[in-house]
Amino acid sequence: CGLYAFWRNLWGEERLAYAFYDHPDTLFDQARVWLECNAALASKILPLCRADYVMLHEDMAFKTAPLIGPETFRRFMLPFYRELIGHLRALGQTRFMVDSDGNNLVLLPLFIEAGVRGLYSFEAAAGNDIREVRREFPGFMIWGGLDKRVLLGGADDVRREIEAKVPAVWESGGFIPALDHATPPCPQGNWELFLELIRAHFPSE
């Protein structure tokens, strides 16, 4: 559970928006609890098992923008993200990702500054074009970004979406081609075509 999601679970989304202005000290206290809890758990768990990556669940953006701006992120979240990721690095972790729907583009530089190296799910309906993200942030890992809505159309829609995006991003690496959220109820043939076209871009074994 990421820091914003931790706060939101306690306050609710609207009350949290006010709390950044009305109760900053309380939020900082809660952030320290979040940090200490996650650091302590990681110290016990990671020496006992292998983790391929760390995913911080946030869901902190809407269709057009994140639910907090860069200044609020820098003040309230960045120091705690940095410290937790530093602690996880000391435990041998190297891959850090954030799970957030919506449009998080304005926050990507700050996530990167904190040590985050990738994001899921780059919703197309929220204005995320993974080709532009790759050009602006060439080392940032992209997971998702393929418009789930094409599965509700025809085979040509599926083919256009994949051919327009996958080759361009796949070549540069750091890309897990996937739908930009859960699979919608769709024709079985569209889903099978989607998988077939995606697999065609993987190198043969």
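In the block above lies the structure referred to throughout.
Residues numbered from 1 in each chain as written. Predicted model: local features only at pLDDT ≥ 70, side-chain atom pairs only at ≥ 80, totals over all residues. Heavy atoms only, no water.

K.L.:
I'm lost on helix α1 (residues 3-11) in this one. Help?
P.N.:
Since there are 3.6 residues in each turn of an α-helix, residues three or four apart along the chain are aligned in direction. Those residues of α1 that fall on the buried side of the exposure criterion are Leu3, Tyr4, Ala5, Trp7, Arg8 and Trp11. Those residues of α1 hidden inside the fold are in contact with α2 (13-22), α3 (24-45), β1 (54-57) and α4 (70-90). Two residues or fewer after α1 comes glycine 12, characterised by a positive phi angle close to 85 degrees. (Buried < 20%, exposed > 50% of the residue type's maximum accessible area, 1.4 Å probe, protein only. Helix = DSSP H or I, 4+ residues; strand = E, 2+ residues; numbered from the N terminus. Contact = heavy atoms within 4.5 Å.)

K.L.:
I tried to follow α3 on my own but got confused; where do I start?
P.N.:
Between its first and last C-alpha, α3 extends 31 Å over 22 residues, near the 32 Å set by a 1.5 Å rise per residue. For α3, the full list of buried residues reads Pro24, Leu27, Phe28, Gln30, Ala31, Trp34, Leu35, Ala39 and Ala42. The arc that holds the buried residues of α3, viewed along the axis, is 165 degrees, so those residues lie on one side. Projecting away from the buried face of α3 at angles above 90 degrees are the exposed residues Asp25, Glu36 and Lys44. Packed against the buried residues of α3 are α1, α2, β1 and α4. (Expected span 1.5 Å × (residues − 1). Arc of directions from axis to C-beta.)

K.L.:
Would you explain the side chain of lysine 148 in this entry?
P.N.:
On the secondary structure map, lysine 148 appears in the loop between β4 (141-146) and α7 (155-170). You can call lysine 148 buried: its relative accessible area is 17%. Dropping the residues within four chain positions of it, lysine 148 is found in contact with Glu123, Leu179, Asp180, His181, Ala182 and Pro184.

K.L.:
Even after reading the chapter, I still don't get the pattern of salt bridges, so can you show me in this structure?
P.N.:
Pairing between side chains becomes possible if they bear opposite charge and their charged atoms approach one another. Summed over all chains, the structure comprises 11 salt bridges. Where glutamate 113 meets arginine 74, a salt bridge forms, and the shortest distance between an N and an O atom there is 3.0 Å. With glutamate 113 in helix α5 (residues 108-114) and arginine 74 in helix α4, this residue pair connects regions lying 39 residues apart in the sequence. You can call glutamate 113 partly exposed: its relative accessible area is 33%. Accessibility expressed as a relative area gives 41% for arginine 74, which makes it partly exposed. Linking glutamate 113 and arginine 82 is a salt bridge whose minimum nitrogen-to-oxygen distance equals 2.7 Å. One end of the pair, glutamate 113, is in helix α5; the other, arginine 82, is in helix α4, with 31 residues separating them in the sequence. Taking the relative accessible area as the measure of exposure, arginine 82 reaches 42% and is therefore partly exposed. The network of salt bridges with common partners includes Arg74, Arg82 and Glu113. (Salt bridge = Lys/Arg side-chain N within 4 Å of Asp/Glu carboxyl O.)

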